Amino acid sequence: MLINISLKLKLFLFLLGLATFGCQSSSSESITSDSKETKVVKEQKAFENGKIVSLSGFISEVLYDLGLEQQIIARDVTSTYPESLATLPNLGHVSQLNTEAIIALQPDVIIIEQAQLGQFKQYEQLRKSDISIITVPSSHSLSNAVHAAEYLKQYLSIDKQEIADLKAQIIADSMKLESQLASISEKAKVLFIYARSTGRLMVAGSNTSAAAIIEKAGALNAISSFESFKPLSPEALIEASPDIILMFRSGLESLDGKQGLAQIVGIPQTPAYQNNRIIAMDGHYLTAFGPRASKAALELFSQIYIDPL
Amino acid sequence: MTEFKGNRAIIIPTLVSILLLSIIGALFFGAYHLSIQEIWSAVFLNDNSANRFLILQIRLPRIALSALIGAGLSVSGAAIQGLFRNPLADQTLIGVTSGAMLFAVLSIVLSGSILAQLSELFKQSTIALAAFIGGLLTTYLVYFLSSSDGRTKVTTMLLAGIAISAFAAAISGIFIYLSDDEQLRDITFWSLGSFSGANWIQVLIVGPIVLIGIIGLMLRSKALNAILLGEKEAVYLGIEVEKVKSRVILLTALMVGVCIAMSGIIGFVGLVIPHLLRLVFGTDYRLLLKASVFLGAVFMIITDTLARTIVAPSELPIGILTAMIGAPFFLWLLVKAQHQNIAI
């Protein structure tokens, strides 16, 4: 029996090793060959009028802003702005891509955010076909779109003026925001609630895109005790006692508006609800940190401090 | 038990031919349209590297992986049904599915926080490895709890399997509850199964385990036939019942664990394919196991071909289709069998 068990154990360890080896070898290879690929692409400089598949709503918006919309031939499900993108083939979510269908579209380049790589199972396969993949780093800063544009400039032919315009517009917005922020004596406490019907309510902790935009707009994120999103609880609501509740428009609609929101235990007790300070904004606009991020921050600022609806 | 009125000798050759046909058929269909000549010259003449890449590196590994996983899931389902002497049993009963699910959910949710540095590139392999380990651990726990003095009670095992699966599902539930939107999406898609990232490395990992599993189970088909009469009777017939049990469970856990690790959860196949064969050919495990291997592979190849073509340029999770195609067909068979007064 003892021999039996050790045999099983050996078999198990062997399989474990096999699985680890198999998976890791593919992953580590991809890192090294990626950097090699990047170099080659750099030297050749650019996909002049190349066909682009954009797998991120953020990237799509940046490309549109830079006047490259004509080059986009397909998009992922999150690419919803501008609305004209809706006419392009929708490849679905990045974790559920159809490799063949992408190849069938014969793109020259696929563009994706670095943070999405973990869901992009087809990375290896597509890289081995003749399609280049550009992974764009992104962050929660108002100039995120400018950084992305400058990164993309290495590979795509982008009019310098377009980037300069984008930069100028963001700087102008930021300065306007800056000057308005100076007039604020006390920062409002804003709680972001993510809702997808009453069954799924989450609140944004620190280090989230929602917290970032709230801070850019000169307010405090009501929750600082945890990172990322956590399920909403009545006690946490009352403890946070937000002055303002911020939601995605789609999220508020999924609760049937403010009446629906009031049905959630704890909400009616918050100062935000009592003073009717519920702000709803478009989700992509608010948290994508794309070319309109500075506009979104300004709009959020004015909704918080200037003209409460 | 039904009696198949036909030449039993032609069943397996027929299924093998259908399998070959479905492999060839699946090679022709895809979101990328290729003519027969293009496929022929890409495979055998090596004229066009893009087409060749598409067929040999994308379509073929996907077909191979779906065939292996279809075969693995249905043959292990058949064996588990034999072991439990219950046609309604499937692999979920020994805990392998819920265990794999739990560990996959854990790795998806925790990779966002604790394992953030391991991060993105390793995410898929981490999920796969976690699922495999989770499947084996849970199965071992179920087996361990239902064994004493070197004997395993099948009824205890069934109940322990149900209890542990429920417990694992509850813990999964906690982490699903704690997951953010992106993680929830990953979990949902994972639990619906997909072959969308199939490559030769996955085939090389799954292949040997499934083949060992198939051979191992087939060697025990006579024992499973004997167990059908009852465990005591099987012992009188000279079958080492306990040994058979532990082997069948080990092989099943290995096979199902590696299948789930690569493709996520694909329900229904393990239950329905063997059951369907039993309806038509009767319960003789010597035939049933072999037939399950081939029909399972055929079913999965056809379903996956649909999954990657019908909503192109995106694709459907395979688990949705296996149930959507399998369930009505299965019901039709059930009704038909009832009309003919055939006991199942």
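What about the overall build of chain A?
- Counting its regular elements, chain A contains 13 helices and 10 strands.
- With 309 residues in all, chain A has 42% of them scored as buried.
- Looking at chain A alone, contacts between residues at least 24 apart form 63% of all its contacts between residues at least 6 apart.

A closer look at the overall build of chain B
- The number of helices and strands found in chain B is 14 helices and 2 strands.
- Looking at the 344 residues of chain B, the share that counts as buried comes to 50%.

Describing helix α13 (residues 285-309) of chain B
- Look at α13(B): 35 Å from first C-alpha to last across 25 residues, which is about the 36 Å you get at 1.5 Å a residue.
- Burial runs high along α13(B): 20 of the 25 residues are buried.

Comments concerning the domain arrangement of chain A
Residue and element names in this part refer to chain A.
- Taken domain by domain, chain A holds domain 1 (34-158) and domain 2 (189-306).
- Between the C-alpha centres of domain 1 and domain 2 the distance comes to 30 Å.
- Contributing elements (two or more residues each) for the side of domain 1 that touches domain 2: α2 (57-65) and α5 (144-153).
- Ranked by residue count, the leading element in the side of domain 1 that touches domain 2 is α2, at 5 residues.
- The residue inventory of the side of domain 1 that touches domain 2, partitioned by class, reads 5 nonpolar, 6 polar and 2 charged.

Details of the packing of helix α8 (residues 200-218) of chain B against helix α11 (residues 241-263) of chain B
Residues and elements named next belong to chain B.
- At a minimum axis distance of 9 Å, the contact between α8 and α11 shows a crossing angle of 155 degrees. Judged on the interaxial angle alone, α11 and α8 are roughly antiparallel. As for how α8 packs across α11, the hand of that crossing is left-handed. Contacts between α8 and α11 pair Gln202, Ile205, Val206, Ile209, Val210, Gly213, Gly216 and Leu217 from the former with Arg247, Val248, Leu251, Leu254, Met255, Val258, Cys259 and Met262 from the latter.

Some details on the pairing of strand β6 (residues 201-204) of chain A
Residue and element names in this part refer to chain A.
- Where burial is concerned, the two faces of β6 agree: the one with Leu201 and Val203 and the one with Met202 and Ala204 are both buried.
- The sheet contact formed by strand β5 (residues 189-195) and β6 spans 3 bridges and is antiparallel. In the sheet register, Tyr194 faces β6, and the bridge partner there is Met202.
- The antiparallel hairpin formed by β5 and β6 contains 5 residues in its connecting segment, where Ser197 sits at a positive phi of about 65 degrees.
- The pairing of β6 with strand β8 (residues 229-231) spans 3 bridges and is antiparallel. Note that in β8 the partner of Val203 across the bridge is Lys230.

With respect to the environment of B:Gln124
- Turning to its location among the elements, B:Gln124 is positioned in helix α5 (residues 119-145).
- On the neighbour-count criterion, B:Gln124 (22 C-beta atoms within 10 Å) is buried.
- B:Gln124 sits 16 residues away from B:Ile108 along the chain, and the two C-alpha atoms are 9.1 Å apart.
- With residues near it in sequence (within four places) discarded, B:Gln124 still touches A:Lys121 and B:Gly197.

Considering unusual backbone geometry
- Omega for the peptide link from A:Tyr81 to A:Pro82 comes to -5 degrees, which places this bond in the cis form.
- The step from B:Ala312 to B:Pro313 runs through a cis peptide bond, and the omega angle for that step is 15 degrees.
- Along the polypeptide, B:Pro313 turns up in the loop between α13 and α14 (318-339).
- Phi angles above zero are rare outside glycine, and A:Gln106 is one such case at about 50 degrees.
- Looking at the element boundaries, A:Gln106 is found in the loop between α3 (99-104) and β3 (109-113).

Focus on the pairing of strand β9 (residues 244-248) of chain A
All names here are of chain A.
- For β9, the buried fraction is high: 5 of the 5 residues fall into the buried class.
- Residues Ile244, Leu246 and Phe248 line one face of β9 and the alternating positions Ile245 and Met247 line the opposite face, and both faces are buried.
- One ladder, built from 4 bridges, connects β5 with β9; its direction is parallel. Residue Leu191 lies in a different strand from β9, and its bridge partner there is Ile245.

Remarks on the nonpolar core
- Counting residues in each nonpolar core, the largest one holds 95 residues, and the members touching the most others are B:Ala104, B:Ala131, B:Val206 and B:Val258.
- Sort the elements by how many residues they give to this core and α11(B) lands first, with 14 residues.
- By size, the runner-up hydrophobic cluster in this structure holds 92 residues, among which are A:Leu66, A:Tyr123, A:Leu177 and A:Ala272.

Section: the sheet that holds β3(A)
Residue and element names in this part refer to chain A.
- The strand order across the open sheet formed by 4 strands is β2-β1-β3-β4, and the pairing between neighbours is parallel. Edge positions in the sheet fall to β2 (72-75) and β4 (132-136), since each of these pairs with one other strand and no more. Mean inter-strand twist for the sheet, computed between neighbouring axes without regard to direction, equals 25 degrees.
- Across the face of the sheet, α2 comes into contact with β1 (52-54), β2, β3 and β4 while running at roughly 135 degrees to β1.

As for the environment of B:Gly99
All names here are of chain B.
- Here Gly99 shows up in helix α4 (residues 96-110).
- Taking the number of C-beta atoms within 10 Å as the measure of exposure, Gly99 has 29 and is therefore buried.
- It is 25 Å that separates the C-alpha atoms of Gly99 and Gly326, two residues lying 227 residues apart in sequence.

Things to note about the packing of helix α3 (residues 49-83) of chain B against α8(B)
Residues and elements named next belong to chain B.
- Put simply, α3 and α8 touch, their axes get as near as 9 Å, and they point 30 degrees apart. Comparing their axes, α8 and α3 come out roughly parallel. Here α3 runs over α8; the crossing is left-handed. Contacts from Pro61, Ala64, Leu65, Leu68, Ile69, Ala71, Gly72, Val75, Ser76 and Ala79 of α3 reach α8 at Trp200, Gln202, Val203, Val206, Gly207, Val210, Gly213, Ile214 and Leu217.
- Looking at side-chain class alone, the contact of α3 with α8 contains 14 nonpolar, 5 polar and no charged residues.

Considerations on helix α1 (residues 11-28) of chain B
Residues and elements named next belong to chain B.
- Along its 18 residues, α1 runs 26 Å from first to last C-alpha, staying within 8% of the 26 Å computed at 1.5 Å per residue.
- The set of residues buried in α1 consists of Leu19, Ser22 and Ala26. Looking straight down α1, one finds its buried side chains confined to an arc of 70 degrees; they lie on one side. Facing away from the buried side of α1, by more than 90 degrees, are the exposed residues Pro13, Ser17, Leu20, Leu21 and Ile24.
- On its buried face, α1 is in contact with α3 and α13.

Definitions and limits used
Residues numbered from 1 in each chain as written. Chains lettered and ligands numbered in written order. Predicted model: local features only at pLDDT ≥ 70, side-chain atom pairs only at ≥ 80, totals over all residues. Helix = DSSP H or I, 4+ residues; strand = E, 2+ residues; numbered from the N terminus. Buried ≥ 20, exposed ≤ 12 C-beta atoms within 10 Å, placed from the backbone. Contact = placed C-beta atoms within 7 Å. Expected span 1.5 Å × (residues − 1). Domains from an automatic or database assignment. Nonpolar A, V, L, I, M, F, W, Y, C, P; charged D, E, K, R; others polar. Axes fitted to C-alpha atoms, helices over the stretch in contact; angles between N-to-C directions. Parallel < 35°, antiparallel > 145°, perpendicular 65-115°, else oblique. Left-handed = near helix turned anticlockwise from the far one by under 90°. Pairing = 2+ DSSP bridges. Core = buried A, V, L, I, M, F, W, Y, C linked by C-beta atoms within 7 Å. Arc of directions from axis to C-beta.

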